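Next come the chains, spelled out residue by residue.
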Amino acid sequence: MTQYISILRGINVSGQKKIVMKELKSLYESLGFENVLTYIQSGNVIFDSDIDQVADIQKIIEDAIKTKYNFEVPVDIRTLNEFEKVLANLPFGEVDLEADGTKMLITFLSQQPDKSAVNRLMAYVKAPEKLVLGDKCIYLHCPNGYGKTKLSNVFIEKKLDVLATTRNLKSVNKLCELARW
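Note that the structure is predicted; figures quoted are calculated from it, not measured. (Residues numbered from 1 in each chain as written. Predicted model: local features only at pLDDT ≥ 70, side-chain atom pairs only at ≥ 80, totals over all residues. Heavy atoms only, no water.)

> Could you clarify how one ought to interpret helix H6 (residues 153-160) in this entry?
At 3.6 residues per turn, the α-helix brings residues three or four places apart onto the same side. What H6 keeps buried is the set Asn153, Phe155, Ile156, Glu157 and Leu160. Packing partners of the buried residues in H6 comprise strand S5 (104-109), helix H5 (115-122), strand S7 (137-141) and strand S8 (164-168). Once H6 ends, the next one or two residues include Asp161, with phi positive near 55 degrees. (Buried < 20%, exposed > 50% of the residue type's maximum accessible area, 1.4 Å probe, protein only. Helix = DSSP H or I, 4+ residues; strand = E, 2+ residues; numbered from the N terminus. Contact = heavy atoms within 4.5 Å.)

> Help me understand helix H3 (residues 80-88), please; the structure alone is not making it clear to me.
For H3, the full list of buried residues reads Leu80, Phe83, Val86 and Leu87. In an axial view of H3, the angular spread of the buried residues amounts to 120 degrees, which keeps them on one side of the axis. (Arc of directions from axis to C-beta.)

> Please clarify how the nonpolar core should be interpreted in this entry.
Counting residues in each nonpolar core, the largest one holds 21 residues, and the members touching the most others are Leu8, Ile19, Leu24, Tyr28, Phe47, Ile61 and Ile65. Of all the secondary-structure elements, those providing two or more residues to this core are strand S1 (2-8), helix H1 (21-30), strand S3 (44-49), helix H2 (54-69) and strand S4 (75-79). Of the residues forming this core, the biggest block, 5 residues, is contributed by H2. Residue contacts for Ile61: discarding those within four places in its chain leaves Tyr28, Leu31, Phe33, Phe47, Val75 and Ile77. In terms of nonpolar packing, the next biggest core, distinct from the first, is built from 19 residues, Met104, Phe108, Tyr139 and Leu169 among them. (Core = buried A, V, L, I, M, F, W, Y, C linked by side-chain atoms within 4.5 Å.)

> Quick question: what am I supposed to make of the environment of Phe83 here?
You can see Phe83 is positioned in helix H3. Exposure remark for Phe83: the relative accessible area of 1% places this residue in the buried category. If we ignore the near neighbours within four places in the chain, the residues touching Phe83 are Ile5, Ile7, Arg78, Phe108, Val172, Leu175 and Cys176.

> Whenever I open this one, unusual backbone geometry confuses me. Can you help?
What is expected of a backbone is that most residues other than glycine have negative phi and most peptide bonds are trans. Here the amide bond leading from Ala127 into Pro128 is cis, since omega sits at 10 degrees, within 30 degrees of zero. Assignment of secondary structure puts Pro128 in the loop between H5 and strand S6 (130-133). At Ile40, a residue that is not glycine, the phi angle is positive and equals roughly 50 degrees. Overall, the relative accessible area of 42% leaves Ile40 in the partly exposed class. The phi dihedral of Asn70 falls on the positive side, at around 65 degrees, and the residue is not glycine. On the secondary structure map, Asn70 appears in the loop between H2 and S4. The class of Asn70 is exposed, set by a relative accessible area of 68%.

> Just to check I follow, could you spell out the environment of Leu8 for this structure?
Position of Leu8 among the secondary structure elements: in strand S1. Using a relative accessible area of 0% as the deciding quantity, one classes Leu8 as buried. In sequence terms Leu8 and Leu27 are 19 residues apart; their C-alpha atoms lie 14 Å from each other. Each residue touching Leu8, except ones within four places of it in the same chain, is listed here: Ile19, Leu24, Tyr28, Ser42, Gly43, Ile65, Val73, Pro74, Val75, Thr165 and Arg167.

Structure (structure tokens):
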């Protein structure tokens, strides 16, 4: 069994694509996943599976959501080890999780973007914001708050032409803590 963390994109935002976490947990369990645990309402799920192809798991979950809820939801799935590597490679030095955990974000990307697209995106980064490309992710620091940046999830998706799902550092850190438990 491998432990995975899945993050669903764009559910329970402004009343759109509503999924109750208790129902999502049951859905994952009905698909044969074990030790299923959800975290907050944005669609974060920790689970174990003996399926070792992430693309297969992703398709199973996305198809099940479409069948049950009649809408599509992109799902990013990574192992706990991959999540921990994302945290270990955080490029912003020492971080006070309480003070900065919601101002530092990680945008998980469906694939590594084209470097020229990333270079074009960099033109929209306005000081004191910082944006650093990682391995299938973007590290974003918005000292003035994520709500005040142009670098939203949708904006990043459009500029890089990849699917993206953003979580703040506090959430990513908590998902790793829960998965290790």
